[in-house]
Amino acid sequence: MTRAELKRNAREKRGGQLFGPNWVNAVLVMAIFYILTGAVNGIAGFGTLIMLVIGGPLSYGVAKLFLQQCDDGQKMNPTEVFKGFSEDFGGSFILYLLRYLFIALWSILLIIPGIMKMYSYSMAFFIKADHPSYDWRECLDASSELTYGHRWELFVLDLSFLGWMLLSALFAPVSIWLDPYRAITNANYYNRLV
């Protein structure tokens, strides 16, 4: 599946229409994620620590919702973004913490190894959502194995959104459309790799 097909499929799964029910729910999911993470990062002194605690369960919930959206195209329930807290808080917390730590450690060496590890571990939460019984090591190893030989494709896929990202930086409401679009495209790419 080409980048254009991945993106077209993402637009179709999002409902194919702006302000349609799938799109609105996808926007709500991303808004909940960004509001919570933004509020936490704004807390002086403890923001990073709190983000390390809640980032995993929230990332798990977002990955699970967008994978379901790709699989069945049904309307999302935005409150399910909190599933990570009830289904596997410990596992998603440890996965987020160690993924963050390993990428930071690889980035200390040089920026390029850090970027490569970021792409190697980019599918970890999709894997966790697909296989809740996996521990952090299995998720990171499976993500590295899955993305081996595909990191450049992932990088180019991200670059294909660069124009939208620049427009989003200049005109913030564009990100309301862009963030769910990117999330569904990444979930489609994960499904393609699997």
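That block above? That's the structure.
Residues numbered from 1 in each chain as written. Predicted model: local features only at pLDDT ≥ 70, side-chain atom pairs only at ≥ 80, totals over all residues. Heavy atoms only, no water.

Caption draft 1: Up close: a nonpolar patch on the surface. A cluster of nonpolar residues, L36, V53, F82, F85 and F89, forms a patch on the protein surface that exposes about 360 Å² of accessible area. You can see F89 is positioned in helix 5 (residues 89-109). A relative accessible area of 32% places F89 in the partly exposed class. (Patch = residues over 30% accessible without salt bridge, like charges linked within 9 Å, V, L, I, M, F, W, Y side chains within 5 Å. Areas by Shrake-Rupley, 256 points an atom, 1.4 Å probe, with all protein chains shown as cover. Salt bridge = Lys/Arg side-chain N within 4 Å of Asp/Glu carboxyl O. Helix = DSSP H or I, 4+ residues; strand = E, 2+ residues; numbered from the N terminus. Buried < 20%, exposed > 50% of the residue type's maximum accessible area, 1.4 Å probe, protein only.)

Caption draft 2: Inspection of the layout of surface pockets at higher detail. For the largest pocket, the calculated volume is near 1,000 Å³. Forming the walls of the largest pocket are 32 residues, and the residues nearest its centre are F33, S59, R99, S122 and N186. Put simply, the parts of the chain that give the lining of the largest pocket at least two residues each are helix 2 (21-41), helix 3 (47-72), helix 5, helix 6 (111-120), helix 7 (124-130), helix 9 (151-159), helix 10 (162-170) and helix 11 (174-193). Counting residues per element, the lining of the largest pocket draws most heavily on helix 3, at seven residues. Residues belonging to the lining of the largest pocket are distributed by class as follows: 21 nonpolar, seven polar and four charged. (1 Å grid on protein atoms, 1.4 Å probe; cavity = no way out; pocket = protein on both sides within 12 Å on 5 of 7 lines; lining within 4 Å. Points joined across faces, edges and corners; volume = space filled by probe spheres on them. Nonpolar A, V, L, I, M, F, W, Y, C, P; charged D, E, K, R; others polar.)

Caption draft 3: Structural context of helix 11. Here helix 11 contains 20 residues, and its C-alpha end-to-end distance of 29 Å stays within 8% of the 28 Å for a straight helix at 1.5 Å per residue. Burial analysis of helix 11 places 15 of its 20 residues in the buried class, the great majority of the element. (Expected span 1.5 Å × (residues − 1).)

Caption draft 4: Geometry of the nonpolar core. Ranked by size, the top nonpolar core spans 48 residues in total, and within it V29, V62, F66, M123, F126, Y189 and Y190 carry the most contacts. Elements with a minimum of two residues in this core: helix 1 (3-13), helix 2, helix 3, helix 5, helix 7, helix 8 (136-147), helix 9 and helix 11. Per-element accounting of this core gives the leading share, 11 residues, to helix 3. Discounting chain neighbours no more than four positions away, the residues touching Y189 are L6, M123, H150, E153, L154 and L157. (Core = buried A, V, L, I, M, F, W, Y, C linked by side-chain atoms within 4.5 Å. Contact = heavy atoms within 4.5 Å.)

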